[in-house]
Every structure is written in structure tokens, then in C-alpha cells.
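Summary of the model geometry
Each chain, letter by letter, is given below.
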Amino acid sequence: MLQCNMTQFSYGIDALGVAVPSAYVPLEDLALARGVPPLKYTEGLGTSLMAVAGPDEDTVTLAARAAADAFERGGVSAADIGLCIVGTETAVDHSKPVSSFVQGLLGLPANCRIFETKHACYGGTAGLMTALDWLASGSARGKKALVICSDIARYGLGSPGEPTQGAGSVALVIGEAPRLVAIDMATVGTHSNHVYDFWRPLESKDAFVDGHYSVTCYLDAFRGAHAEHRRLAGTDRPDRPSALLYHVPYGKMAHKAHRLWCELEGLDAVESFERLVAPGLVIPSRIGNVYTGSLYLALASLLACSPESLDGRDVSFFSYGSGSCAERFRGRVTPGAQRGFASLLARLDDRRKLTVAEYEAMFRSRDEPRLASMSEASASGRARFLGVDAGKRVYG
Ligand code: CAA
């Protein structure tokens, strides 16, 4: 039976910011170009638009923009941050972490611990759990943590994984008495297993995936993490959150996971999906897979799109990283948390629609190092990737 302790709902997400690339390609157009029925992508996979990163956007610039958005929304300043972790599986250097570039771009203090975490799409959750432990241990000494999940998903032109690409970043400010969602650290159910479902060898820019096997691995991991979460929460208590958020490589995957949850809990999946899961899929369906940030993009979507007040309600989280490591945990929504999130949806309308030919050209151009002129850089109001100079990445 669960013991009430200090780690239940004391710490959590205090502010959340999102950054997405400035362009997208409709999956209907991509389907037609690939000779596939459009319904396969829009209904079969459950994604309508795929975000495409431009040549001046990378994992670093998206991370810096998401963090700036979180700071602005939450009234947080760089000086408040004592720990900055970037979870990513599309890092820009084998040694220098994305968090180091972010420190420079955001002006994080020198007495801030900065590093990068990796475990496929679980890397962001690894950062979140580390930040929560840092706070609970007393090491924070009044500071907050900044956890950024940032990625550009690439499988390759014409590959089966292509329609499940996407790009984006979600930044979470983690603190005590959080203003968005408090996490129950006492019931985090973990499940890990050495499987080869998705990987990216050091020399490859595109991910390798055993697609259908990865779906099986995801569901096996859900079963394991769910059982562990239920054991820690007390199996005599019904598992009845007011919303369920799943890692969303594409919407249909969340559908499959929810069907499994309903089967395990003896509930009707059709009835509960629209109510408990659909609000969390609205924004992901217009961006695609953002890897580490995917679960937290679903949270942003829930806060933006839930037709009901979530004040004081419990929300279930399921994080999956191929390879694999998965976690199921629960959070409690702080009253007032939904305020201001509807604007995220409107922001998605402010993007440039690409033709498939333009998207393909942008995809290929990322293989070529470029260095824009400094005058081009100074004309821009936000962090941009300018290119590589003598092996060093340059931002402006
Ligand atoms: N109209 C409507 N639906 C259609 C259709 C049509 N004309 N044609 C096909 N469909 C449906 C299919 O029935 C299927 O739905 P179900 O799964 O419910 O049966 C769906 O569309 C997809 O069809 P296929 O399985 O035939 O598609 P595929 O073989 O081309 O590949 C995929 C699908 C395996 C997901 C592939 O896109 C892929 O490899 N993606 C990358 C890997 C991935 O995202 N894995 C998810 C789990 S791992 C993870 O979560 C970590 C991560 O982020 C990568």
C-alpha cells in the first residue's frame, strides 16, 4: 500500500514552452507524391501535417526558442535556473552538449549544471526525473531546473518512417509548488528492456527502425510500466485519471496504447478515447513526431484543447524510448494551469506550407554545411543556425 511522503506532488512542471519549425508539409500532399492513399497517413497513422525544419533551424535553435517561450509564459528568468538538461536523440556534436549552446544563447548563469541526456524518445523524461530528484534531494537550494526536449525526426525520403517525421522542442521549468502539473514521484513505474526496434548508428543522420516490431516493443513496454505503476500506487485502487497522455510518434500509436490500457483496466476504449486521449493529440497531429518532446507536446495539447476544466485532476503520462526504457507516472493539474495555452494552437497557423519538392530540397540541404553572412544573422530576431566554421557550429 502506498505511503504518503514528501515526493508525492511536491515538485513538477512550473512552466512549459514550445517551439516548432516555421514550415510544414501536409501529409495528404506527401501521400500523393509517394503514390499512397492519403487516408493511410491521415487516418491510418493519425497525422495531418508534418513540421519541417529549415536550414537555419536545428536541435539547438529549437531548444533555445522553446526555453525562451517557457520563460516568457512562466515569468521565469535565466538567473532562476540551477540545472539545465537537454534530452535529445538528434544531438549536434558527439561531445559538446546541446545544453552548452543553450546556456550561451539564453545567458544561463555560470553556476548552473548543464548536460545532455540520451535514451531515444525517453531522453527528455530521463531529464525530468533527474530534475525532480535534484529538487527532492535539496541540491537545488532555491533554484529551478530547465529540462528541454528537442529533436528533428529523420527516417529518409520515401522510407516507411517518412510520414512519421516531424520536429520541435518542448521546454519544462521544473520547481517546487509547480504552477502547471505536480508529479507523483512515489509511483513512477519503470520498465526497461534491451531490444533493437529503433536506433541510429553514429555515422548516420537518419534513424533505422524495425517499424512493426517497434510498435510491439512500445506496447510491451506500456504493459510493463503500467504494471509497475499500478503496483506502486496500490492495485486495490482503480486507475481512473481524467486524461491519458502517451508518447505520440503518430496518433494511431496512442490509440493502440489506449486500447491496451482499457483492456488491462476492463474499460470501453471507444467511449473513453475521445474524452480522455483526443485533446492530447490535436497539436501532435499538426506537427508529427518530435521524439523526446512528444509526450510533453501532448500535455501542451491537453492544456490547450481540453473542453473541461482540469483543475486538481489527475493525468496519466506514458513515456517510451526505443531500445527501450519506458515510464508510466501521474501528475495533478494545478488550478489555473490551462490559462493562456489556447494561443499555442493559433501559433501553428502561422507557418509556411511547403510543396513536397521544397520539403525534399530542404531535407537534402541539411547534409550540406552552410555559413550565412553575419548580416543575415543580425537581421533575425531569434536564434538561428548559420553553419559550420572550422568544425564549430555558429549561431546568431
Ligand atoms: N485508409 C485508412 N487506413 C489505412 C489505409 C487506408 N487507405 N491503408 C493503411 N491504413 C492503416 C493500416 O491499417 C494501419 O493501421 P493499423 O496499425 O491500425 O492496422 C496504418 O494505416 C499503417 O499502415 P501500415 O502498418 O501498413 O504502414 P507501414 O507499414 O507503412 O508503416 C509504421 C507504419 C511501422 C508506423 C512506419 O510508419 C514506421 O516505421 N514509423 C516509424 C517507427 C515508429 O514510429 N514506431 C512507433 C513505435 S516506436 C516509438 O514510439 C519510438 C519513436 O518515437 C520512434
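Analysis parameters
- Along each chain, residue indices are assigned from 1 in the same order as the chain's sequence is written.
- Under the rules for a predicted model, residues below a pLDDT of 70 receive no local features and side-chain atom pairs below 80 are neither given nor counted, while totals for whole chains, interfaces and linings still include all residues.
- Excluding hydrogens and water, the side-chain figures rest on all heavy atoms present in the structure.
- A cavity here means a set of 1 Å grid points, computed over protein atoms only, where a 1.4 Å probe fits but cannot escape. A pocket is an open set with protein on both sides within 12 Å along at least 5 of 7 lines, and lining residues have an atom within 4 Å of a point.
- Grid points are joined across faces, edges and corners, and a volume is the space filled by probe spheres set on the points.
- Secondary structure counts use DSSP, requiring at least four H or I residues in a row for a helix and at least two E residues in a row for a strand, with both numbered from the N terminus.
- As used in this record, nonpolar core signifies buried Ala, Val, Leu, Ile, Met, Phe, Trp, Tyr and Cys residues forming a set joined through side-chain atoms within 4.5 Å.
- Throughout this description, buried means an accessible area under 20% of the type-specific maximum (1.4 Å probe, protein chains only), exposed means over 50%, and partly exposed covers the range between.
- Here, two residues are considered to be in contact whenever any of their heavy atoms come within 4.5 Å of each other.
- The reported arc concerns the directions from the helix axis to the C-beta atoms and nothing else.
- Definition of nearness: a residue and a molecule or strand are near each other if at least one heavy atom of the residue lies within 4 Å of the molecule or strand.
- Pairing of N or O atoms within 3.5 Å defines a polar contact, subject to two protein rules: one partner must be a possible hydrogen donor and the other a possible acceptor, and residues neighboring in sequence count only if both atoms are side-chain atoms.
- Computed with a 1.4 Å probe, the accessible areas rest on the Shrake-Rupley method; for each residue, only the protein chains presented here act as cover.
- More than half of a molecule's atoms lying within 2 Å of a cavity's or pocket's grid points is what places that molecule inside it.

1. Describing empty space enclosed by the protein
In total, this model carries 3 cavities of 30 Å³ or more according to the counting rule given. Reported here for the largest cavity is a volume of approximately 70 Å³. As for the largest cavity, its lining consists of 13 residues, and the residues nearest its centre are Ala51, Val52, Ala153, Gln165 and Arg366. Of all the elements in the fold, those that place two or more residues in the lining of the largest cavity are strand S3 (49–52), strand S6 (144–153), strand S7 (166–176) and helix H11 (356–365). At 3 residues, S3 tops the list of elements feeding residues into the lining of the largest cavity.

2. Digging into the nonpolar core
Of all hydrophobic cores here, the largest spans 93 residues; its most connected members are Ile174 and Tyr246. Top contributing element to this core by residue count: helix H9 (residues 294–305), with 9 residues. Ignoring anything within four residues of it in the chain, the contact list for Ile174 reads Gly12, Ile13, Leu128, Ala131, Leu132, Leu135, Lys144, Ala145 and Val147. Ranked by size, the runner-up nonpolar core spans 29 residues in total, among them Ala15, Val60, Phe71 and Cys112.

3. Brief notes about H11
Those residues of H11 lying buried are Val356, Tyr359, Glu360, Met362 and Phe363. Looking straight down H11, one finds that the buried residues subtend no more than 160 degrees of arc, so they occupy a single side. The elements touched by buried residues of H11 are strand S2 (23–26), helix H1 (27–34) and S3.

4. Some words on the side chain of Arg154
Take Arg154: it is sitting in the loop between S6 and S7. Residue classification places Arg154 among the buried residues on the basis of a relative accessible area of 8%.

5. Section: the site of the ligand
Not every one of the 25 residues close to the ligand is listed here, only the nearest: His212, Ser214, His247, Lys252 and Lys256. Residue Ser214 places a side-chain N or O atom 2.8 Å away from a nitrogen atom belonging to the ligand. The contact in question runs from an oxygen atom of the ligand to an N or O atom on the side chain of Lys256, over 2.5 Å. Alone, the ligand offers 1100 Å² of accessible surface; in the complex the protein occludes 74% of this. The cavity that encloses the ligand is the second largest pocket. Among the elements of the structure, helix H2 (38–45), helix H6 (211–233) and helix H7 (251–265) are those that each provide at least two residues to the shell around the ligand.

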